[in-house]
Amino acid sequence: MGPDVPLLNEYKQEFFWKRFPQTVLGGPRFKLGYCAPPYVYVNQAVLFLTPWLFGGIGTLLCQLQLLKELHAAVLSGVLMFGAAAGVQALAVYAARKSGSVERLGAPNVLADEEEVEFTHCVGPATVRFIAPGKRFGLNVVLHTVLAGVLCGFGTWYVFLGRMTALYGSVGTSLVVFIASWVTLCIAEYSLIVNTATETATFQAQDTYEITPLTRPIYIFTFIAIDLADRFTGPFPELQLASQVLHVLFLFLPLLWALGMLSPLDALLLWGMEQTLVFGLGGSPMSSNLRLLVMFAVSVAVAGCNFFIPSTLGVVLFSVSMGFLLSLDLNQVTALCCAGPRPASGGSWGRRRGVSPSPPTSSFGWRLGCREILLYVGLLVASMVEAGLLHHFLAADLPQSSVSGPQVPVVTSYLLLSLFILCWVLGEIQGVYVCGGMFLNPLYPRGVSNVQTFNQSSRGLHVAAAVRRVLLNLVSPFAMIAYLSTDKSLQRLHTASLSVGFTRAFRVVWQSSEEALLQMVVVVSVRLVAGENTVPGWDHLGTAAQLLLLGLLSDRVVQFLAKLKFTLAVLVTSWTEKKQRRQWAGALLALNASLCPLLLAVVVLSALLSAPLLPLFTLPVFLVGFPRPQRSWPGPVGTACPCPDSVFYQQMSGSLAVALRQGLARGSLGSLSPGSHFLGRFQDRMVWIMILERGYGYCTVNIKGLELQETSCHTVEARRVDEVFEGAFERAERLGFTQGLNQHWGNALIPCATLPVRVYSDARNVLSGIIDSHDNLRKLQDDFLKALVFLLLRYCVEKQKGFAWSAEEGPGVGGRKSQSSQPAPSTCNQRVETVIMESNVSSLKLRQDSSSLTSLGDWSDEDDLFGPQQARRTVALVSTEAQLGHAALQTGPSLPGSVEMDSLFENMALSALQPLQPLGLGLPAVDKGQSAKVFAESSGSLPPLHFSCPRSEVFNLPTGWRTAPLLPSRLQQLRHLFPEEWFRFNLGQFAPAVQDEACDDMTKALKEDEALRELHALVALSCVISLGAESSFTSPSYVYRLYCGDVPWTDGLDWLSARKDLYHLTLKAFRFGFKLLFDQASLGPMEGPEELFSTLEEYERDWYIGLGAERGWHDSVLQEKPFLFSLGHDLTMGTYTGRVLSLQDQLVQVGRLNGEGVRGQWANLSWELLYATNDDEERYSIQAHPIMLRNLTVQAADPPLGYPIYSSAPLHLPCL
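Residues numbered from 1 in each chain as written. Predicted model: local features only at pLDDT ≥ 70, side-chain atom pairs only at ≥ 80, totals over all residues. Heavy atoms only, no water.

## Observations concerning the overall build of the protein chain
- A count of helices and strands for the protein chain gives 41 helices and 13 strands.
- Of all 1215 residues assigned to the protein chain, the portion counted as buried reaches 53%.
- As displayed, the protein chain has an accessible area near 51800 Å², and 63% of this comes from carbon and sulfur atoms. (Helix = DSSP H or I, 4+ residues; strand = E, 2+ residues; numbered from the N terminus. Buried < 20%, exposed > 50% of the residue type's maximum accessible area, 1.4 Å probe, protein only. Areas by Shrake-Rupley, 256 points an atom, 1.4 Å probe, with all protein chains shown as cover.)

## Section: helix α38 (residues 1088–1101)
- Here α38 spans 19 Å end to end across 14 residues, near enough to the 20 Å set by a 1.5 Å rise per residue.
- Every buried residue of α38 is accounted for by Leu1091, Phe1092, Thr1094, Leu1095, Glu1096, Tyr1098, Glu1099 and Asp1101.
- Buried positions along α38 lie against α27 (773–800), α32 (979–993), α37 (1059–1082), β9 (1102–1105) and β10 (1122–1129). (Expected span 1.5 Å × (residues − 1). Contact = heavy atoms within 4.5 Å.)

## A word on a nonpolar patch on the surface
- Together, Ile372, Val376, Val380, Val384, Leu388, Phe392 and Leu393 make up an exposed nonpolar region whose accessible area comes to about 610 Å².
- Here isoleucine 372 shows up in helix α15 (residues 369–392).
- The exposure class assigned to isoleucine 372 is partly exposed, which follows from its relative accessible area of 38%. (Patch = residues over 30% accessible without salt bridge, like charges linked within 9 Å, V, L, I, M, F, W, Y side chains within 5 Å. Salt bridge = Lys/Arg side-chain N within 4 Å of Asp/Glu carboxyl O.)

## Digging into the packing of aromatic side chains
- All told, the structure shown has 42 aromatic pairs when counted by the stated rule.
- An angle of 55 degrees between the planes, with centres 5.1 Å apart, marks the rings of tyrosine 157 and phenylalanine 249 as tilted. One end of the pair, tyrosine 157, is in helix α5 (residues 137–157); the other, phenylalanine 249, is in helix α9 (residues 236–250), with 92 residues separating them in the sequence. For the pair tyrosine 157 and phenylalanine 249, a shared accessibility class is recorded, and that class is buried.
- Ring geometry for phenylalanine 783 versus phenylalanine 1069: centroids 5.6 Å apart, planes at 75 degrees, classification edge-to-face. With phenylalanine 783 in helix α27 and phenylalanine 1069 in helix α37, the pair connects residues that are 286 residues apart, well separated along the chain.
- According to the relative accessible area criterion, phenylalanine 1069 is buried, its value standing at 0%. (Phe/Tyr/Trp six-rings, centres within 6.5 Å; stacked < 30°, edge-to-face > 60°.)

## Overview of unusual backbone geometry
- The residue after proline 1198, namely proline 1199, is reached through a cis peptide bond having omega 10 degrees.
- Summarising the element assignment, proline 1199 is placed in the loop between α41 (1189–1194) and β12 (1205–1206).
- In this structure, serine 609 is a non-glycine residue whose phi angle is positive, near 55 degrees.
- With respect to the secondary-structure elements, serine 609 resides in the loop between α23 (595–607) and β3 (612–614).

## Examining the nonpolar core
- If you look at the biggest cluster of nonpolar residues, it comprises 120 residues, and the most contacted ones within it are Leu659, Leu668, Leu678 and Val700.
- Counting 79 residues, the second-largest nonpolar core is a separate cluster that includes Ala786, Leu790, Ala1019 and Phe1073. (Core = buried A, V, L, I, M, F, W, Y, C linked by side-chain atoms within 4.5 Å.)

## Quick look at the pairing of strand β7 (residues 697–704)
- Within β7, 8 of the 8 residues are buried, which leaves the element mostly enclosed by the surrounding structure.
- Going residue by residue along β7, you find Tyr697, Thr699, Asn701 and Lys703 tucked away on one face and Cys698, Val700, Ile702 and Gly704 tucked away on the opposite face as well.
- Relative to β7, strand β6 (residues 684–694) is paired through 8 bridges, and the arrangement is antiparallel. Across the sheet, the residue bridging to isoleucine 690 is valine 700, located in β7.
- Counted between consecutive antiparallel strands, the loop separating β6 from β7 contains 2 residues, among which glycine 696 sits at a positive phi close to 80 degrees. (Pairing = 2+ DSSP bridges.)

## Some thoughts on the environment of glycine 368
- Following the sequence through the fold, glycine 368 ends up in the loop between α14 (329–338) and α15.
- Along the backbone, glycine 368 and glutamine 331 are 37 residues apart, and their C-alpha atoms lie at a distance of 9.6 Å.

## Here we look at the pattern of salt bridges
- Using the criterion set out here, one finds 36 salt bridges in the structure.
- The salt bridge partner of arginine 290 is glutamate 692, with a shortest N-O separation of 2.6 Å. In this pair, arginine 290 is assigned in helix α12 (residues 288–307) and glutamate 692 in strand β6, connecting sequence segments 402 residues apart.
- A salt bridge links arginine 467 to glutamate 513; its shortest N-O distance comes to 3.5 Å. Of the two residues, arginine 467 sits in helix α18 (residues 458–484) while glutamate 513 sits in helix α20 (residues 512–529), which places them 46 residues apart along the sequence.
- The class of glutamate 513 is partly exposed, set by a relative accessible area of 32%.
- Through salt bridges with shared partners, a single ionic network connects Arg974, Glu979, Glu980, Arg983, Arg1012 and Glu1013.

Pasting the structure below:
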């Protein structure tokens, strides 16, 4: 798509220009898009001006000195309360009169587009259009009372006498008075009549009707400051604040319209997060509940410090609580509630990402004895150090002086040395140094092998180990020594110092690297000042200085990141031809002329820690409303799953282990919650977000982006590859230009490569293999040999107690997945290989031949064929599987049926691998009689007389030799049975079922004719039933059999009625095709030994099936070493083979501009939730190789984004 893609299509433009005036005015709808009677507009205008009328009455009576200010305000509030109650009563009456079944105030997406038929000025339709009413009865009462209180206090807030006292001018007071009442009318209308859709939208749905309270709450905040100025002593600061806020009060409608003021839920979370991080020394949390609990506990700790009388007690309490609160309390919760639990956390849910458990033998993954001993040792050592130093050094310092050096100079220089060493050792861990500008000559480049990479990185690993010791063990104790001997501890019983030292003693553990930087700045200032006093700095005390430095450093980092993002948007809007719109030059000129205003916007967004919002991702910048670092209100781990999600789910466990090493070594740079990283391997894109950081742990969220690359996705993926190649590929020659980062302006800065155990995907076109007549003639023989092998193996496993049946358990093909039951040590591939595919093609065939499925205008309630069985979701199937409901079948039915339970319940069949319908449908089968046709008692068959007593071990079920086939037909194919191969397999399997090795017994087994004829009968019956009695001549027929789309034959009904045998037969055919593929590629088998070992390898290490099967999904999660599938490219008309091999590969990881991500996500939220611009070809989702716009939109949480995988919060140990 070119740059002329409309920002909003015509329909959305009309919708937006109807909605935006409503937002500005607080709810009145004066632009409808259709003709409406005049009384509709008059009624809305009257209701809008009603608060002004009542406030004017109170103001007039006060100005005439008939009432005092307080009484006049009460009168205005009472009048407004009565009017609000009347409006709500009318809304309830209109709802009952109309008899509508809709709940009052229920959100309706099409409400703004419906044309209402008005009959009367106060008719039910008119009343419901103007005042829809509240959803809950409690809100009716609450909002009505608040309307009266708001009008009363608002009248008091804008009295002319108060305005004159503040500004000393009647003219200015009159202007402020009139404009202030406009603000009050907007808030009152939004609260009591009709709530407008806010541009600042955090939640997709306002379930509890919080939005109407947003504007009144902001007004109450202004009023509270004015009341404080009125009833407290003469504080010039309060009076100045009141004057400024009275002016700012006039611009509240503009701020609401621009979406700069947060909704209440986002404001509460943002306020708690900012206070916890910068006031109390904590970290942003990975969930709202954790944030609330941690905030409450941290506030309680600060309160306790204020009331503890002894300074020694304060030091010991602060050190201990700071250390304990900085630990990963999730491990403590897991240990107390349910014992040891995998570090991945979270629960298995339908849409929540779940990862394989990382190896728990390593230190830190679980709270065990080693971890407890270390933590207790660190806690005791820090408390002993702080107590001794404070008792013997700080207690003897004079309390009168707070200037000059307060700690031994040795400690100051130790902190400086530690900072320099840690910075240097951490800087050399990444591929770039100095903020990503220059290549690191010490980092190994041009290495693709994991073992070679580890050998080349040994020196860096040693440096990283030294850094970890200095940063995690030495630095905290040095900083505690500095703080424990500070003079300002003698003046601790003030609120600022109590909060400051609570933060200071905690941040040394919570974020040691940032705390060390802040401490070094304080130490440097004091060393430079010497004996002199720094005015305005020394009297603050160390704790307050560190608090201010922490806030200042964060805002400076945000400002620089936002400035880089701003320049990227400005420059690329002209340099990138596909981003250059017709008026791009005008926008650039406007930004240049308003450069101070642009810088002010960037500074303001940094000060508020709010996202910088580029409108439609154009160089038009607004300050987004402040929100938590996670950017989204929902729980972490929501995704839009599809068949490819399993690859991210498999790699997330190994990636978590690799991330743990990278975070601990510092190769990913300085980390802070809100940081974003992008990983790339083959066609996979991994989005990593840091959620939480503490002492010895880091909480991350891993998302997987779609693998089906669109044109936009491909453009950005190609640029990502170029950026990584420039960093990690070895340059042909070295020089200054080669040492510079040529892509420094890109949103992605490469950091490091991480060894991760992932599946490597290789695809081959099978032209010349599957269509070769020589190969097809060989397929029948390979099929029979594989079937003989599997039949004998089935007998051996049954003898050993590993017998399986399709009716046992809820797993596909009867085998439970690894998550519910440990697999046998042999990792045998069971019958899950063949469950899914037969139904896929059968259902596809019926969909193509049936006209019923094309009637899209039928409603969901139509019941043409009677009651339908309720569809089971994946979560339901998993739950029933864990409860042991063995009768439930999770796989599709056998050929002849059209029911199928998809692995992904919300995925259309068109998303599965397409199967080309070949041939006609299956004949009609009476399902009620099918069981009777083939049910024969064991007594009706002649008994078997084995010549060897051990032959009974290899006996097959009686029903397997009841095929409805003529003996002459079987006799004609008797020569196809591989007798030598059968004897060889008996020789291989016989020792496994004998108590001790016996050559005579093995020989007797091989010579048992009854056993041989039994297996020949069953094998040939399966071959005929599968339609493979003659040599294969058509690749399409081979593909159909591979997919389980078996055409009807004489024995198919008999075979499909015996599920175990059917699964074995289809599995053997797939083994046979894999043998054909391997022999065509690598050459023929040299002997039966090689063939036997190959089949054993297939059984042990391979999954051979289709990518849409449940077995494929389970095998990926169980990390089968190899997977193979056969596909058909309908567009090219070719057959393809896909091989997945599990290997340790190097995944390239880069750091994204976090502020650029937040800004684009803020625009996405505004564009979809407010402007409802969900056009899939909209401008703001088009490819942008610098900002990576399309990938960023994908990585947003649903429903706005669409990652195909998202893990639960992963708590990674970093010690």
